[in-house]
Amino acid sequence: MPMFLPPFLRPGDEVCLVSPSGAVGPALVDAARQRLAAWGYKPVEGRYARSAYGRFAGTDDERAADLQAAMDDPHVRCILCTRGGYGLMRIIDRLDFRPLLRHPKWVVGFSDITALHAALSRQGVVSVHGGMARALAELPPDALSVALLRDVLAGRLPAYTLPPHAGNRPGTAEGLLVGGNLSLLAALQGTPYEPPYAGNILFVEEVGESPYRIDRLLRTLRLGGVFRRLTGLVVGSFTGADPDPLMPGTLEQQIRDAVDNPSLPVCFGFPAGHGDDNRPLLLGHPARLDVTDAGATLAFR
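Computed from a predicted structure; not experimentally measured.

Digging into the sheet that holds strand S6 (residues 159–162)
- Pairing is mixed in the open sheet, where 7 strands are placed in the order S6-S13-S12-S7-S8-S9-S10. Strands at the two margins of the open sheet, each flanked by one partner only, are S6 and strand S10 (266–267).
- Judged from the 4 bridges that link them, S6 and strand S13 (residues 295–300) form a sheet pairing that is antiparallel. Paired with Thr161 across the strands is Thr297, a residue of S13.

Next comes the structure, spelled out in structure tokens:
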């Protein structure tokens, strides 16, 4: 499968803010635009980026039209999704990805945006799992996740080094990095939009799910044969997963038990997900994962 790597951003490039999922506060959009302008880019926004329709940022038609317009516009070099929430599963099958194959551009977001990342990885288009409007608006400019996002968009690819973790399983893995939010990955299983797992490294994160629900999501991937097809697994933050005395073992043990591939390298504690320390990851990009007793590294090749 060919890899479509978007051109890295240069000063003056247009970055379009769109809201394909949940409604977002207008003040966050304003502040995100200011941050992008301070980085030297030209912020623009979709017609319905500030809309609200129940929990969504506009109707399905409006959100799909905004996202498609941003993908179609040759002047837009990067699409920054303003927030997650819920909504992309309702419009993903309306989108025409052919413009991104002809003229790739960066797509940035996480959480519900996993559905879009997965579809792009399936097409071979590299995208960025990273901070959205709230991070740009509320975190200081020197916050590591914000500074690294700026670096990635400018072409400075990260190489992450992590301390040892008791749950790690040593080994080396190479392949494309795919994945994102665990709930979305489970929901996409068996659809034309699930990411390409075979021969690749999976990243997962989650927020606000009980341990037994996390276990069910993991078992969904297991029953679909996902873990047997991977070369490696990177586990991000599982925010708000309160201990459940009725579930045996820790969350790390649940994850390790669900992985029915005893030779699969596993890296726990990667700082990405729904916390402030949400370091950007290039999904659909070749990566190498090394896990040893001394720690782990994740580098993009």
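Some points on the sheet that holds strand S5 (residues 127–129)
- Strand order in the open sheet formed by 6 strands is S2-S1-S3-S4-S5-S11, with mixed pairing between adjacent strands. Both outer strands of the open sheet, strand S2 (42–45) and strand S11 (281–283), are each paired with one neighbouring strand and no more. Across this sheet, the average inter-strand angle for adjacent strands is 25°, counted without regard to direction.
- Alignment of strand S1 (residues 14–18) against S2, held across 4 bridges, turns out to be parallel. Bridge pairing in S2 places Glu14 opposite Lys42.
- Against the sheet, helix H1 (residues 26–38) makes contact with S1, S2 and strand S3 (76–81), and its axis sits at roughly 155° relative to S2, the strand it touches most.
- Across the face of the sheet, helix H6 (residues 144–153) comes into contact with S3, strand S4 (106–109), S5 and S11 while running at roughly 170° to S4.

Each value, and the rule that gives it
As a convention, each chain's residues are numbered from 1 in the sequence order in which they are written. Thresholds applied to this predicted model are a pLDDT of at least 70 for local features of residues and 80 or more for the giving and counting of side-chain atom pairs; totals over whole chains, interfaces and linings are not thresholded and use all residues. Computation of side-chain values covers all heavy atoms of the structure but excludes hydrogens and water. Any two strands between which DSSP finds at least two bridges are classified as paired. Here a helix means four or more residues in a row that DSSP labels H or I, a strand means two or more in a row labelled E, and each is numbered from the N terminus. An axis is simply a line fitted to the C-alpha atoms; with a helix, the fit covers only the stretch in contact. Between two such axes, the angle follows the N-to-C directions and lies from 0 to 180 degrees. Any pair of residues with heavy atoms lying within 4.5 Å of one another is described as a contacting pair.

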